[in-house]
Structure formats: C-alpha cells, structure tokens
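# Coordinates in review
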Amino acid sequence: MAETRTMTINMGPQHPATHGVLRMVVELDGENVVNAQPHIGYLHRGIEKLFESMTYRQALPLTDRLDYTSGVSNNLAYCLAVEKLLNIEIPKRAQYLRVLLSELQRIAAHLLWLGTHALDLGAMTVLFYTFRERETVLEILELATGARITPSFIRIGGLAADIPDTFLPRVMAFVQEFPKRIDEYETLLTKNPIWKRRTTGIARMSAEDCINYGVTGPVLRASGVNYDVRKAYPYTSYEDFDFEIPLGKNGDVYDRYLVRLMEMRQSTRIVKQAAEKLPPGPVSATDAPQVVPPDKNDVTSDIASLIRHFKIMEEGFEPPPGEVYSSIESSKGELGFYIVSDGSNKPYRVRVRPPSFINLGALPKMIEGALVADVVAAIGSIDIVLGEIDR
Amino acid sequence: MEPYYYVIESIIKIIVVVSVLMGFVAYLTLIERKFLGYLQVRVGPNRVGWWGLLQPIADGIKSFVKEDIIPDNADKPVYVLAPMITFTAALSMFAVIPFGDSFTLFGREIKLVLADVDIGLLYIFAMGTLGEYGIVLGGWSANNKYGLLGSLRAAAQMISYEVALGLILIGTIIIAGSLRLTEIVEAQRGMWFVVYQPFAFLLYFVAALAEINRIPFDMPESESELACGFNIEYSSMKFALFMIAEYLHLVTVAALITTLFLGGWLGPVLPGWIWFSLKTSVIIFIFIWIRGTYPRMRYDHIMKLGWKFLFPAALANVVVTAFIVALR
C-alpha cells in the first residue's frame, strides 16, 4: 500500500481570506485538515509598550489602532479604565452619547464582518450591500467625531465636543431604514440552501469548550452562553436601555451569523433609545479640572484657563498609584484594559485584553478534521482583526 | 470546382465565426462586470472609453505587455501547453453549434454552422472534457500547492458531473433521434424540447454551471480559499488564455442549451441568427445573475450533488423518456 503523506500549506500572511496578516500553517491530508497552527505577529507595532512613553491623554489615539474596525469601542474601553483609576463621574449626556456612538460602531463592525464573511464563502454581492450601509454609519460617525475609522472622540472625562445639530436627525433616519436593510441581507443568505450547508455544523464549539478557551463575544453567545458585558457588568448607563442578548444554540458558523445579525437589530434599538432619551447637559466631567481641558473660547481670553490648558496638554494628569481593570463588550467580545499606575503622568504598564486574540486561540480546536473551505468559514466566523491580535 | 468553393466557404465562415465569437467574449467580460455592477449598487468599469467600452481592449493590451513568468520548478512544457489546450478546446467546441438557418447564395446552400458533423453532441462532450485537462495540468505543472489543490478539485468535479451531464442529454437524443445538432434543432420545429424535457433542462443547467466552473461551482478557482487555485502562478497572456477559455466555454454552453432545449435558431419573423443570439444571451444573463447571488459550494457537497442527485435523476429521466417514446 502506498504511503500516505500529508501536505503542509501556508495560508497567509498574504491570503484573501485570512483578514489581514494572519498566517495559518495547515497540514492537509487531501483536503482534510490534520493540524492547523495560527501564527501571528505580522502587524506587531508595540502599542502596549508605546503606552508607557505617552501621557494618558496622548495615548488615546493608539487605542483605535487596535481594533480598527471599531475605533469608538476601543476609545471607550481605554477611557473607562483611566476614569476608573481617576474615579471621576461622567455626565449622563456624555454617557448616552458614548452608548450611541459605540452601538453605531458595533453596527459598522458587524457590517464589515458580514460582507467579508459572505465574500469568503463566495457570495460577493452581500459585501457591496453591507458596505453601502457601513458607509452611512461611518458618515454619521464622521459628522459627530470628524473621522471615519479612528475617531478618538471619546476622551478621558467625557467627549471631545458636543454633537452637531444635524446629527440626531440623521441617526433617526438611519435607525428607521436599517432594519429593512438587514432583511435584505437575510433574503440573500439566511435561507439560502448553499449558505446553510456551508455554515451549519461547521467549526462547532460547545459552550464548555468556549468557556475553557476564554472565548467571548458573539462566538460565545452562539454556543448558548448568556454572557455579555453590557448586561453582566453594565457600564456607561447600559442598564438604562432596553435590549436583549441574542443567543445561539449550536455554536456553529451559522449560529454565529444569526447572532451577529440579531445583535445588529438590538444595536439599532439601543441607538434609537439613546437618541430619543438623550438628556441635555455638559458632555465632559465638571468636577475634574485637572483632566478635562477648559473651553476653547476661555483659553484665548482667560489666563487661568490658558495655563490649565497648557498644563493638561503638556504634562497631562497624575492618577493615584494603583491597578485597574475595566472591560466593555466590543463587537468582537470582551475588550479589557488593565492599567498600572505608579502615580506619574504616564502609565507604568498597559495590558490590552483583545477579544480577537483569545477567540483566535480556539481556531485550531474549531477546524480539527475540517476541510480547507471550512477553515476559511471558521476564520471568518470568529471575526478577527489582526491589529488587535498583534497590537 | 466544387472542393474549392467548399474551402473558400469554410474559411470565410471560420473567420467570421471566430472574430464574432472572440469579440463577443471580449465584450462579455465588460457586460458581466457592468451587470454585476448594477446588481451590486455600483457602476462597473467606466474609466476607459464611454461606458467603459474600451475596457476589454485595455485588458487585452495589459495582458500582452505584462511580464510572462514561468516558475523555476514548473514542468515547463506542460505549463506552457496547459492554457493552449484549454483555449483550443473551448474555441473548437463552438464549431458544431448551428447558429442560424441555411440560406442560398450564388446557387449554393450555405448552412450557418462550421461543421455539421453526425456526432456533434459527442464532439462537444469530448472537447469540453479536453478543456478540463488544461486546467488539471496547469495547476499541477505550476508546482504550487494551491495550484495542485485546484487541479485535484477540478479533476474530482469533472468526474462527478460529467457522467450526469452525458446522461441528462440522452433523453433529448432519444426524442430527436440524432446526435447531429442541426437535426436536433429541426426536431424542435413543433415544440421546444424544454417542454418535453423540463427536468432535464434544469438538471443540465446545474451541470453546465459545474462544467464551466462558475459560482456556485467554481471549485478549481475558489479565490477566497485557494487564492485562485489552478491559475495561481499564471501571468500575462497565459492567464488571459485561461480567462478567454472560461468565457468561451460559457458562451458555448449557453449556445448549447439554446440548441438542445430552446429550439436553437427557430423563431418567428426575425432571422434565425438573431433568435439564436437572443436566446443565448438570456441564458448568459442568468449565469451572471447566479454568480451575483449564490455563495460557493463546498467541494464535497458538489460531489454529493453530482453522484447522489444529478446522476440518479438523470438516469430516471432517461428511463422515463425511453418508456414514453417506446409507448408512442
């Protein structure tokens, strides 16, 4: 009998379906995966180390370079951690706007995921439909924050500025329109027999496995585990909003798809509520003059404000020594920041808990014995962003 | 003098058919991109010429001037030969397809078909399969693992649908009583075969999608899995030959569906070749539409579809057709 030999192929770092620069060394027996090993680090920029040489304020733009598909969520996670360290209170209006923006960002991130995931499985048209809506969301974000991808709009102590008057009408128009668009995607995919056969029962993870691997986010919820930081440990007034956590049953690629679609519908609900209930008031903490810069108009007319502005920009602020961990539910899962302060104006150490990195750890488990085509489906279903994995 | 006229007639027909076909194939790429563009809320190519009309020419020039790379470890003769095989096979398939009624010119009856051979349908099967060899050899000879996987998929896919493909058409052959395509068309003067053989029509449509390697059956290529599969190492005109062959194959298969099920050139009022082009275009549009709508199937699913559904269904179709024809 002839000897069976396996073939090792290198998927990535340049491969259309590895979503950036993930490299998979896949050992194949025919088309069956015998062994798969993800290799990471091609996008390493030393962001965690860079934090240590910047003041807390300066370091903010680094965060939206982590998961560049959901910049607002990253800003929020970092700001919440620093605010926890400083122990300052954020006004309600700022909190609601944070919720609104980060839910819009979640929709944008999920749309990006849906389009690319469908493209990975060969359905090219969905990409253009989702990007049409993603563009609308990004334009709304740009209207408020001035940037599409890397807003850095959520600042320590509140927001950089209040929203313009034209913002809320556009948000409401989008909220009205968007559920119909989701129905449109669903007509293309949800009941499509080819789509179902490609995704049902593929890359299955049991609830127990998910917990053992530390998987979070839609991948975990698709396996039926009801864990969402927004509900479990509400932050930024999420307890004020009425929304549900969509759960899957089988933990396969199809359920992850359904969970994310339902999450987009829930996010739309949250955005609508936040826009309707948005209270008046300031958008930055009023009791933290050492953290929040003074009003721009005062800086040119009032010497005390000028000095305060200069001090905050040049030296930053000095939080009390201590350690703090704070996490949010980003579009990929639980995104946490662990900050150690030594009492100086720069963090002693910042550690990011990136959901993609930990979810990627479960990939070899998911694709044991699968086919090459399933590897692509599995990578897509985890929704990884290499900027966050490699940092 | 008779043989000379025959040669001249044939040469003229070949020149006309090949230029029209190649021109159509070139512009089919533009039509496909435009049509997909409108499906996908974008406009498609519109930079080169008005409405992108010079795009195919620009693509052609680009293919010619690109560097032609042959990998060091490739099996060079096979590597060079593979696109030629695929291209030649795809181009010569069209030879037996009748694209219009016969007419009389200078006292000679001229049939609008290049080669009206007795075994037309067999010839088409043979050429279609030969074209697949080019894909298999091309992927294998490039000495690239993705190419090899693409080739293996092409080979596996070819075997799974080819058997069914032949069996599906036996029903048509039984009714027409001939393998000659002109006679099959003539047999549809009363009624198109799509009415007699609706099931076979649908089956053939699916199998034809698999034969021309298009979504949802574009296994050998599957760019998001195998990063283009069999043609991964090909560049320049060799790559273009594969592309042209793919579109030629698409046109030929659409023309074949027209001929076998939709009455070929038959139709009222308008001349035959216009009816033929219209019907073929409709089929091509449906192919493009499917590409814009469906995801890619997994290759073991295609195998299951081929052996567990298409094959038995085709057999059943043959049996039922034979039974009815025998009773009549």
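Residues numbered from 1 in each chain as written. Chains lettered and ligands numbered in written order. Predicted model: local features only at pLDDT ≥ 70, side-chain atom pairs only at ≥ 80, totals over all residues. Heavy atoms only, no water.

So, on to helix 5 (residues 125–145) of chain A. The end-to-end C-alpha separation of helix 5 of chain A is 30 Å, in line with the 30 Å expected for 21 residues at 1.5 Å each. Positive backbone phi, approximately 90°, marks glycine 146 of chain A, located one or two places after helix 5 of chain A. (Helix = DSSP H or I, 4+ residues; strand = E, 2+ residues; numbered from the N terminus. Expected span 1.5 Å × (residues − 1).)

Let us look at the side chain of arginine 260 of chain A. All names here are of chain A. Position of arginine 260 relative to the elements: it lies in helix 11 (residues 253–277). The charged side chain of arginine 260 is buried without a salt bridge, its nearest counter-charge being aspartate 383 at 4.0 Å. Residue contacts for arginine 260: discarding those within four places in its chain leaves His110, Trp113, Pro218, Val219, Ser381, Ile382 and Asp383. (Buried < 20%, exposed > 50% of the residue type's maximum accessible area, 1.4 Å probe, protein only. Lys, Arg positive; Asp, Glu negative; His and termini not counted. Salt bridge = Lys/Arg side-chain N within 4 Å of Asp/Glu carboxyl O. Contact = heavy atoms within 4.5 Å.)

This next bit is on the packing of helix 4 (residues 120–141) of chain B against helix 10 (residues 236–261) of chain B. Residue and element names in this part refer to chain B. Interaxial distance between helix 4 and helix 10 falls to 12 Å at its minimum, and their mutual angle equals 160°. It follows from the interaxial angle that helix 4 and helix 10 lie roughly antiparallel. Between helix 4 and helix 10 the crossing geometry is left-handed. For the pair formed by helix 4 and helix 10, the contact residues are Leu121, Ile124, Gly128, Gly134 and Ile135 on the first element and Phe242, His249, Leu256 and Leu260 on the second. By residue class, the composition of the contact of helix 4 with helix 10 is six nonpolar, three polar and no charged. (Axes fitted to C-alpha atoms, helices over the stretch in contact; angles between N-to-C directions. Parallel < 35°, antiparallel > 145°, perpendicular 65-115°, else oblique. Left-handed = near helix turned anticlockwise from the far one by under 90°. Nonpolar A, V, L, I, M, F, W, Y, C, P; charged D, E, K, R; others polar.)

Our next topic: the pairing of strand 8 (residues 347–353) of chain A. Residue and element names in this part refer to chain A. Bridge analysis of strand 7 (residues 334–341) against strand 8 gives six bridges, and the strand direction is antiparallel. Residue pairing in the sheet places glycine 336 in a bridge with arginine 353 of strand 8. Following strand 7, the chain reverses through five residues before pairing antiparallel with strand 8; glycine 343 in that reversal takes a positive phi of roughly 90°. (Pairing = 2+ DSSP bridges.)

Next up on the list: empty space enclosed by the protein. All names here are of chain B. Under the criterion given, the structure shown has three cavities of 30 Å³ or more. Together, 14 residues line the largest cavity, and Thr86, Ile135, Asn213, Glu246 and His249 are the ones closest to its centre. Where the lining of the largest cavity is concerned, the elements lending two or more residues are helix 4 and helix 10. Here the residues of the lining of the largest cavity are counted per class, giving six nonpolar, four polar and four charged. When its volume is computed, the second largest cavity comes out at roughly 40 Å³. Around the second largest cavity, the lining residues are Gln157, Ser160, Tyr161, Ala210, Phe217, Ile302, Leu305, Gly306 and Leu310. Elements supplying a minimum of two residues to the lining of the second largest cavity: helix 5 (145–176) and helix 12 (299–327). Residue composition of the lining of the second largest cavity, by class: six nonpolar, three polar and no charged. (1 Å grid on protein atoms, 1.4 Å probe; cavity = no way out; pocket = protein on both sides within 12 Å on 5 of 7 lines; lining within 4 Å. Points joined across faces, edges and corners; volume = space filled by probe spheres on them.)

Next up on the list: the domain arrangement of chain A. Quite often, the size of an interface is put as the accessible area lost when its parts meet. Residues and elements named next belong to chain A. Domain annotation of chain A identifies domain 1 (7–39) and domain 2 (47–390). Here domain 1 and domain 2 have C-alpha centroids that lie 28 Å from each other. Taken residue by residue, the interface counts 14 residues in domain 1 and 18 residues in domain 2. Together, the buried faces of domain 1 and domain 2 total about 1,400 Å²; carbon and sulfur atoms form 72% of this surface. When the buried surface of domain 1 facing domain 2 is broken down by residue, His19, Leu22 and Val33 rank first, second and third, together holding 39% of it. Here domain 1 is connected to domain 2 by zero salt bridges. Joining domain 1 to domain 2, the criterion identifies one residue pair in polar contact (both at pLDDT 80 or more). Secondary-structure elements contributing two or more residues to the side of domain 1 that touches domain 2 are strand 2 (23–29) and strand 3 (32–39). (Domains from an automatic or database assignment. Buried area = accessible area lost by both parts, 1.4 Å probe. Polar contact = N/O pair within 3.5 Å; in protein donor to acceptor, adjacent residues only side chain to side chain.)

Residue and element names in this part refer to chain A. As for its position among the elements, alanine 207 is in helix 8 (residues 207–213). Taking the relative accessible area as the measure of exposure, alanine 207 reaches 28% and is therefore partly exposed. When the C-alpha atoms of alanine 207 and valine 219 are compared, they prove to be 9.8 Å apart, with 12 residues separating the residues in sequence. In this structure, alanine 207 is in contact with Ser223 and Val225, ignoring residues within four places of it in sequence.

What follows concerns helix 3 (residues 71–86) of chain A. End to end, helix 3 of chain A covers 23 Å across 16 residues, agreeing with the expected 22 Å (1.5 Å per residue, within 8%). Where helix 3 of chain A terminates, the next one or two residues include asparagine 87 of chain A, which has phi positive at roughly 60°.

Residues and elements named next belong to chain A. Following both chains from N to C, one finds helix 4 (residues 92–120) and helix 11 inclined at 150°, their axes separated by 9 Å at the closest point. Relative to helix 11, the element helix 4 is oriented roughly antiparallel. For the pair helix 4 and helix 11, the crossing hand works out as left-handed. In terms of residue class, the contact of helix 4 with helix 11 is made up of 16 nonpolar, four polar and six charged.

This part takes up the nonpolar core. In this structure, Met24, Tyr78, Leu104 and Phe337 of chain A are the most contacted members of the largest nonpolar core, which totals 122 residues. Counting residues domain by domain, this core receives three or more from each of domain 1 (7–39) and domain 2 (47–390) of chain A. Apart from the residues within four sequence positions on either side, leucine 104 of chain A is in contact with Val137, Ile140, Leu141, Phe167, Val171, Phe174 and Val271 of chain A. Formed by 73 residues, the second largest nonpolar core is a distinct cluster that contains Ile124, Ile184, Ala200 and Phe276 of chain B. (Core = buried A, V, L, I, M, F, W, Y, C linked by side-chain atoms within 4.5 Å.)

On to the interface of chain B and chain A, then. Chain B puts 29 residues into the contact, and the matching count from chain A is 34 residues. Carbon and sulfur atoms supply 62% of the area buried between chain B and chain A, which totals about 2,700 Å² over both sides. The largest share of the area that chain B buries against chain A comes from Glu225, Pro295 and Arg298 of chain B, three residues that together contribute 22% of it. Between chain B and chain A we count one salt bridge in total. The tally of links from chain B across to chain A stands at eight residue pairs in polar contact (both at pLDDT 80 or more). In terms of residues, the side of chain B that touches chain A owes the most to one element, helix 5 of chain B, which gives five residues.

As a further point, take the pattern of salt bridges. All names here are of chain A. Counted according to the given criterion, the structure contains 38 salt bridges over all chains. With a closest N to O distance of 2.8 Å, arginine 132 and glutamate 184 form a salt bridge. You can see arginine 132 sitting in helix 5 and its partner glutamate 184 sitting in helix 6 (residues 167–189), a full 52 residues away along the chain. On the accessibility criterion, glutamate 184 (29% relative accessible area) is partly exposed. Sharing partners across several salt bridges, the network here consists of Glu103, Arg106, Arg221, Asp228, Arg230, Glu263 and Glu329.

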